[in-house]
Amino acid sequence: MKKYFTLLLFLAGVQLSGFTQTIQSPSEFLGYKLGDQFTPHHRVLEYYHYLASVSKNIKLKSYGKTNEGRPLLLAFIASDDNISRLEDIRRKNINLTGLKNEFNTPNPAEDLKNQPVLVWLSYNVHGNESVSTEASLQTAFDLLDPSNKRTKEWLKNTLVILDPCLNPDGRERYINFYNPIKNLVPDALPFTREHMEPWPGGRANHYYFDLNRDWVWQSQMESRQRLAVYNQWLPQVHVDFHEQGINSPYYFAPAAEPYHQDISKWQLEFQTIIGKNNARYFDQNGWMYFTKENFDLLYPSYGDTYPIYNGSIGMTYEQGGSGRAGLAVINAEGDTLTLKDRIDHHHTSGLSTLEAASQYAEKAILEFKNYFTSGKSNPPGEFKSYIIKGENTEKIKSLALLLQRNGIEFGFGISKAAQGFNYFNGKTESFRVDKTDMVLSAHQPKSVLLKVLFEPNTFVSDSATYDITAWSLPYAHGLQAYATKESIKPETTQIPDNNLSTAVVSNPVAFVANWNSISDVKFLTELLKNNVKVRYSEIPFETSGKRFNAGSLIITRNGNQAINGGFEKVVNEIAKKSGINLFVIPSAFVDKGADLGSNKVRFIKKPRVVAVGGESVSSLSLGEIWHFFEQEIGYPLSIVRPQDLNYVNWNDFDILIYPDGNYSDMGNEKMLQWIRAGGKLIVMKNAVSQLAGKKGFDIKNKEESKKADPDIYEDLKAYEQREREHVSANIPGAIYKVELDNTHPLGFGFPNFYHTLKLDDKVYKYLTGGWNVGIIKKNNYVTGFVGVEAKKKLADGLLFGVQEIGSGSVVYMADNPLFRGFWENGKLLFSNAVFMVGH
């Protein structure tokens, strides 16, 4: 009888489905109290899989892997009724937007009965802000705990989508730094080694990219995989959990200004509702917090703004801590901040947000629906269409891919006269829409996101902003575009094929590819890796009725006969793989320009490239270079620490790249000797300034002009304005038009201008013994915020130049053409520096 009674008790704890009535907390499962140590990624995944094995209210979805092969995971948590119909919930939700979808039923009039509000919680986008993932474990447990009546009530009308770690590679880098060096009892003194994270830190991903600046650009594989799923769901509420400095109290919404002008009244209102609910719990616990400061809503590629521009209530929550905090740290007020404290704060704000979302579920869903229907019927802003000229098919395809990833509709096939704002000259003028032009109508569900990404000028209500203030895609991609007040709708979504038919030529003398896009760079690198000999023409030429610009790649049969697999077959296969237009030349005798045997047709050497990376280097800048070589053009890159350059044989490489950074031994005699012997030095951003004035280098800083009549009262300033004093000298990110010498190899493939993203006020004197390839004059400002004093400095100076020293050269790049991997047009400029200059 006793055994039978025991069996009954056991069966009472197990549902017929095999799910248990009791669930182990994170501390019980992990074998230590949550907050006593950092939980590695594999143990985090084990706990989520454990939860899925014991609770019927959670479903897991793997959505990809990181660069280092770590799994990326989503947890869907819902009530008994909702967990079994996730796909139906998704269908109804996506139909509310009116977006075209795989269900083929875009229907804003979808029946909303029993439709839950969708809340997406994103943790640990910055790897060393490592409390977030720990908090996710406790949050998931509380949502699934059968004895937790509060959360069960919320889940009746709320579907929670939880991403426990957006950046496992960065987080593991931080944990693997901390765990081996921590004391038995955590050392809370902030100057000890537990709080001194080494370069490059765990904040960024494998390639040192900041994933919280990558939501819309999706340059990184983690972002692309996550956003593919995000855009299939489009939640009503999204929270991005972060950490800030150890001396800062907790931050939650409402956000600071500047707000983008197209953020809806409801989005701002609901931020305040949620913020007040968070405040209620923080007040009960006596926890300090702040709102409406520092964290604004402008730049579109954050974890709060991207969801906002996609109809959500997007919010950032910031806990004091980050990589300095470890398991315990003493802050400036003498208080000890522990990992447990940090977990409690994020855990509390997460649950409070879910509570508020549940209370306003019906309103949130209705406003979400209205956001998209209103956007389509009455798009914001003066411009109702954007026309992207289709002269460069390869660039058009690159832009199309970005738009597709973000669910923005576009098409082609229209031929008509129109009038619009010309992005390149800033004038409103007449132009013709051709069938090969990309047409984006603002009358679409994602009209707000479309406007944010294409508006020529973004209104900035407060100059004290957190990030760049200009990013308009026509400038970033280098595509001629017009914004029209007329609504123009495309006829087809098919991207036109601009391949020009060429005569069939047996045994052609050469193949030629124009040089004007990143696809052409990929073509070149594939040829070089396959040991195909490649040349370029340093002047334009015409043959067989086709004009080719300076820099066009020429692959001659002569010298390539021995290619394994056959000359024509190999070259054609590489061209197809690279997605470029390839043309045949029947004769080396051209109609205009230099014949193929001319000394104006230069051989491109297969270069051995080294980049400097280590303690003194900006990890972001190095990461952009590293990612560009490995993931975008597939070309070998070696990375050497600055201190090791003293011990390597400089004859083992042809190109040396100094990313943005602070270097102690720039411009020494060893470097000059290597350049004179044929080496090419490429210096970027702050590395340029460290060569300024050095013997043998022509680059020099511009002196600031003295005021003719200094104001004796200018130092009388109000104390309350101290935070804004720096604004007049500030340039968080604005676009300038660079006048470009496109006859120089550094300017190949461009018109006589290039739009650069200025992140500082640095310009240099014109080179007296070199080539001033990219300069700005007095009126080259285009868009974005620039402080008054900064704007004065940004005139009449050099940004991009080349100095020849002996048989080698130095390429000066005062601006970063690879910024965040999204400044597409800059990639061709950087490629010119690597492959074209110096031959």
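Scroll up for the structure.
What counts and what doesn't
- Residues numbered from 1 in each chain as written.
- Predicted model: local features only at pLDDT ≥ 70, side-chain atom pairs only at ≥ 80, totals over all residues.
- Heavy atoms only, no water.
- Helix = DSSP H or I, 4+ residues; strand = E, 2+ residues; numbered from the N terminus.
- Buried < 20%, exposed > 50% of the residue type's maximum accessible area, 1.4 Å probe, protein only.
- Contact = heavy atoms within 4.5 Å.
- Areas by Shrake-Rupley, 256 points an atom, 1.4 Å probe, with all protein chains shown as cover.
- Lys, Arg positive; Asp, Glu negative; His and termini not counted.
- Charge placed at Lys NZ, Arg CZ, Asp CG, Glu CD.
- Pairing = 2+ DSSP bridges.
- Axes fitted to C-alpha atoms, helices over the stretch in contact; angles between N-to-C directions.
- Core = buried A, V, L, I, M, F, W, Y, C linked by side-chain atoms within 4.5 Å.
- Arc of directions from axis to C-beta.
- Left-handed = near helix turned anticlockwise from the far one by under 90°.
- Nonpolar A, V, L, I, M, F, W, Y, C, P; charged D, E, K, R; others polar.
- Phe/Tyr/Trp six-rings, centres within 6.5 Å; stacked < 30°, edge-to-face > 60°.
- Lys NZ or Arg CZ within 6 Å of the ring centre and 35° of its normal.
- Expected span 1.5 Å × (residues − 1).

Enquirer: Now, about the overall build of the protein: what can you tell me, with residues and values included?
Expert: Across its full length, the protein carries 23 helices and 34 strands. With the C-alpha coordinates of the protein rotated into their principal frame, the extents come out at 100 × 65 × 60 Å. The buried share among the 839 residues of the protein stands at 59%. Within the protein, contacts between residues at least 6 apart in sequence are counted, and of these 77% link residues at least 24 apart. Within the structure as shown, the protein displays about 34000 Å² of accessible surface, and the carbon and sulfur contribution to it stands at 50%. Here the protein contributes 91 positive and 92 negative side-chain charges, whose respective centroids are spaced 4 Å apart.

Enquirer: Tell me about the sheet that holds strand β15 (residues 428-433), residues and numbers included.
Expert: Strand order in the open sheet formed by 5 strands is β15-β14-β17-β13-β16, with antiparallel pairing between adjacent strands. Looking at the sheet topology across the chains shown, the edges are occupied by β15 and β16 (438-441). Shown here is a sheet whose adjacent strand axes are inclined to one another by a mean of 40 degrees, direction ignored. In this fold helix α14 (residues 393-405) packs onto β13 (385-388) and β16, with an angle of close to 25 degrees to the strand it touches most, β16.

Enquirer: Please provide a residue-by-residue account of unusual backbone geometry, values included.
Expert: Cis geometry is found at the peptide bond from W199 to P200, where omega equals 0 degrees. Structurally, P200 can be placed in the loop between α8 (168-181) and α9 (221-233). Here the bond from E257 into P258 is cis, since omega is 10 degrees, no more than 30 degrees from zero. Relative to the helices and strands, P258 resides in strand β7 (residues 256-259).

Enquirer: Outline the sheet that holds strand β23 (residues 583-585), listing residues and values.
Expert: Read from one edge to the other, the open sheet built from 5 strands follows the order β23-β18-β22-β19-β24, with strand pairing classed as antiparallel. Unpaired on one side and paired on the other, β23 and β24 (601-604) mark the two borders of the sheet. In this sheet, neighbouring strand axes are inclined to one another by 35 degrees on average, regardless of whether the strands run parallel or antiparallel. Strands in contact with helix α18 (residues 567-578) are β18 (510-513) and β22 (553-556); relative to β18, the strand with the most contacts, it is inclined by about 10 degrees.

Enquirer: An account of the nonpolar core is requested, with residue identities and associated values reported.
Expert: If you look at the biggest cluster of nonpolar residues, it comprises 244 residues, and the most contacted ones within it are F454, F523, F629, Y658 and L681. Dropping the residues within four chain positions of it, F523 is found in contact with A513, L553, I555, V571, I574, A575, S578, I580 and L582. Membership of the second largest hydrophobic core comes to 10 residues, among which are V512, F541, F548 and I554.

Enquirer: Quick one: what's the story with helix α20 (residues 669-676), residue by residue and with numbers?
Expert: The periodicity of an α-helix, 3.6 residues per turn, causes residues three or four places apart in sequence to face the same way. Those residues of α20 that fall on the buried side of the exposure criterion are M671, L672, W674 and I675. All buried residues of α20 fall inside an arc of 160 degrees around its axis, so they share one side.

Enquirer: Quick rundown of the side chain of N406? Include the residues and the values.
Expert: Locating N406 in the fold gives a position in the loop between α14 and β14 (416-422). Here N406 is in contact with W215, V216, Q218, N231, Y306, K446 and L449, once residues within four sequence places are set aside.

Enquirer: Which residues make up the packing of helix α17 (residues 518-529) against α18, and what are the values?
Expert: It is the contact of α17 with α18, at a shortest axis distance of 9 Å, that shows an interaxial angle of 145 degrees. Here α17 runs over α18; the crossing is right-handed. Facing S519, K522, F523, E526 and L527 of α17, the residues of α18 in contact are V571, I574, A575, K577 and S578. Here the contact of α17 with α18 is composed, by residue class, of 5 nonpolar, 2 polar and 3 charged.

Enquirer: Run through the packing of aromatic side chains, naming residues and quoting values.
Expert: Scanning all chains against the criterion turns up 60 aromatic pairs. Between the aromatic rings of W650 and F653, the centroid separation amounts to 5.7 Å while the plane-to-plane angle is 45 degrees, which identifies the pairing as tilted. Taken individually, W650 and F653 each receive the classification buried, so the pair is uniform in this respect. Taken together, a centroid distance of 5.9 Å and an interplanar angle of 80 degrees make the contact between Y754 and F800 edge-to-face. Here Y754 is found in strand β30 (residues 753-758), whereas its partner F800 is found in strand β33 (residues 797-805), with 46 residues between them in sequence. Summarising the burial analysis for this pair, Y754 and F800 share the class buried. Among the aromatic residues, those joined into a cluster by ring pairs are Y123, F241, Y250, F252, F282, W287, Y289 and Y317. A cation sits over an aromatic face here: K363 above W266, 5.3 Å from the ring centre. Over the ring of F548 we find K546, and its NZ or CZ is 6.0 Å from the ring centre.

Enquirer: Hey, could you go over helix α5 (residues 86-97) for me, with residue numbers and the actual values?
Expert: When the terminal C-alpha atoms of α5 are compared, their 17 Å separation across 12 residues agrees well with the 16 Å that a helix rising 1.5 Å per residue should span. Across the 12 residues that make up α5, a large majority, 9, are buried. All of the buried residues in α5 are L86, I89, R90, K92, N93, I94, N95, L96 and T97. Among the residues trailing α5, G98 stands out with phi positive, at a value near 80 degrees.

Enquirer: Can you tell me about the environment of S147, naming the residues and giving the values?
Expert: The topology assignment puts S147 in the loop between α6 (131-144) and α7 (149-154). Through-space distance from the C-alpha of S147 to that of Q21 is 8.6 Å; in sequence the pair is 126 residues apart.

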